[in-house]
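Okay, here's what each chain looks like letter by letter:
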Amino acid sequence: MPPKPVRIAQISDLHIKQPGKLAYGRVDTARALERCVTALNEFLPQPDLVVISGDLADTPKPEEYDHLKRLLTPLKRPFVGIPGNHDAREMMRAAFPDAGYAFSSGPLNQKLETDGLDLLLLDSSVAGEPYGELDAPTLRWLDTMLASSPDRPALLFLHHPPFITGIWHMDRQNLRNAGDLASIVRRHPRVQLIATGHVHRATLTMFAGVPTTICPAPNHAVDLDLEQLRPPSFRVEHPAFHLHSWFPGEGFGNLVTHQVPIGDFDGPRPFFGPDGKLL
Ligand SMILES: [Fe+2]
């Protein structure tokens, strides 16, 4: 039997507020997460793990993390979270005390090992700032972790994209020290994907020779304004999550990312009739 694939669902930028409050006075982020959890629970085959790539809360407040945990209770699969700029490290540490954080204080980095695959979750949050940065202990930790088992493929998750998207007001608050991350990634060919969030819209580029993505959000998207045509704005577009499937194989195997829309759609319907002919 061929080795089993590993499937990681990524959801991002949940922006959960206290019950009854809307993000920016308009977006019901709690309802959006409920729909996302339903979609994750109904998806077959079930993912091995769900990674939440930052901005779990919105303000943040302990009550928002309490609300988040209640909304995630129906999720059937295990999940892990990393902080974004709308999170606070110590509130997250208090909300999820059982997570396997690499350090007992400071950045909430985590290493997770699944069948044949390593996940490295990096805390790029900077207290009180919208932009991201990987601090010196995190960079050292990442380099050490990547050096520790060079034959295993690894996926990196962090909130802030280390690249320019063309959306001007988001590019001012991306990962500031992307060069430090790039120099580490280039030393370790086992990195197969860098998966981020923060911009609420599916985006793909190459960074340091590695496919690098932004995950769409279950709620609202940052307006795709590539020419400073409007003030910083959001749109409620189609919600979605990312499903990263890793297929074991020669070398580091094969990593494929699918975007999965959240919602009720017609289908699935068969292509072929009972006679085996294309309908
Ligand atoms: Fe963010």
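Residues numbered from 1 in each chain as written. Predicted model: local features only at pLDDT ≥ 70, side-chain atom pairs only at ≥ 80, totals over all residues. Heavy atoms only, no water.

Draft legend 1. Expanded view of the overall build of the protein chain. Secondary structure assignment for the protein chain yields six helices and 13 strands. A compact globule built from 279 residues would reach a C-alpha radius of gyration of about 19 Å, and the protein chain, at 19 Å, matches this within 12%. For the C-alpha atoms alone, the extent of the protein chain along its principal axes is close to 65 × 50 × 40 Å. Counting over 279 residues, the protein chain shows a buried share of 51%. Carbon together with sulfur atoms contributes 55% to the accessible area of the protein chain, which is approximately 13,200 Å² in total. (Helix = DSSP H or I, 4+ residues; strand = E, 2+ residues; numbered from the N terminus. Rg over C-alpha atoms; globule rule 2.2 N^0.38 Å. Buried < 20%, exposed > 50% of the residue type's maximum accessible area, 1.4 Å probe, protein only. Areas by Shrake-Rupley, 256 points an atom, 1.4 Å probe, with all protein chains shown as cover.)

Draft legend 2. The packing of aromatic side chains, seen in detail. With the rule as written, the count across this model stands at four aromatic pairs. Ring geometry for Phe 79 versus Phe 96: centroids 5.9 Å apart, planes at 85°, classification edge-to-face. Remark: Phe 96 occurs in the loop between helix H3 (89-95) and strand E4 (110-114) and Phe 79 occurs in strand E3 (residues 79-82); sequence separation between them is 17 residues. Each ring, one from Phe 271 and one from Phe 272, has its centre 6.5 Å from the other, and the planes form 70°; the classification is edge-to-face. Given the relative accessible area of 66%, Phe 271 is considered exposed. Given the relative accessible area of 47%, Phe 272 is considered partly exposed. Taking the ring centre of Phe 96 as reference, the NZ or CZ of Lys 69 above it sits at 5.9 Å. (Phe/Tyr/Trp six-rings, centres within 6.5 Å; stacked < 30°, edge-to-face > 60°. Lys NZ or Arg CZ within 6 Å of the ring centre and 35° of its normal.)

Draft legend 3. Representation of the coordination of the iron ion. On the protein side, the iron ion has Asp 55 (OD), Asn 85 (OD1), His 159 (NE2) and His 198 (ND1) as donor atoms, found 2.2 Å from it. Spacing between the donor residues of the iron ion along their common chain follows D-x29-N-x73-H-x38-H. Taken together, the positions of Asp 55 in the loop between strand E2 (49-53) and helix H2 (62-72) and His 198 in the loop between strand E7 (191-196) and strand E8 (203-207) put the pair 143 residues apart, joining distant regions of the chain. Accessibility assignment for this pair places Asp 55 and His 198 in one class, buried. (Donors = N, O, S within 2.8 Å, 3.2 Å for Na, K, Ca; no water.)

Draft legend 4. How the structure looks around the sheet that holds strand E13 (residues 254-261). Pairing within the open sheet is mixed, and its five strands lie in the order E3-E2-E1-E12-E13. Every other strand in the sheet has two partners, leaving E3 and E13 as the edge strands with one partner each. Taken over all neighbouring pairs, the strand axes of this sheet differ in orientation by 25° on average, direction set aside. Here four bridges tie strand E1 (residues 6-11) to E2, and the two strands are oriented parallel to one another. Residue pairing for E2: Ala 9 is matched across the bridge by Val 50. Strands E1, E2 and strand E12 (240-247) of the sheet are contacted by helix H1 (residues 29-42), whose axis makes an angle of about 170° with E1. (Pairing = 2+ DSSP bridges. Axes fitted to C-alpha atoms, helices over the stretch in contact; angles between N-to-C directions. Contact = heavy atoms within 4.5 Å.)

Draft legend 5. Geometry of unusual backbone geometry. Residue Pro 45 follows Leu 44 across a cis peptide bond; omega there is -5°. Positionally, Pro 45 belongs in the loop between H1 and E2. Of note, the amide linkage connecting Thr 59 to Pro 60 takes the cis form, showing an omega dihedral of -10°. With respect to the element layout, Pro 60 can be found in the loop between E2 and H2.

Draft legend 6. Up close: the side chain of Arg 201. Topologically, Arg 201 is positioned in the loop between E7 and E8. A distance of 2.8 Å separates a polar atom in the side chain of Arg 201 from the backbone oxygen of Val 222. Ignoring anything within four residues of it in the chain, the contact list for Arg 201 reads Ile 167, Ile 214, Cys 215, Pro 216, Ala 221, Val 222, Asp 223, Leu 224 and Glu 237. (Polar contact = N/O pair within 3.5 Å; in protein donor to acceptor, adjacent residues only side chain to side chain.)

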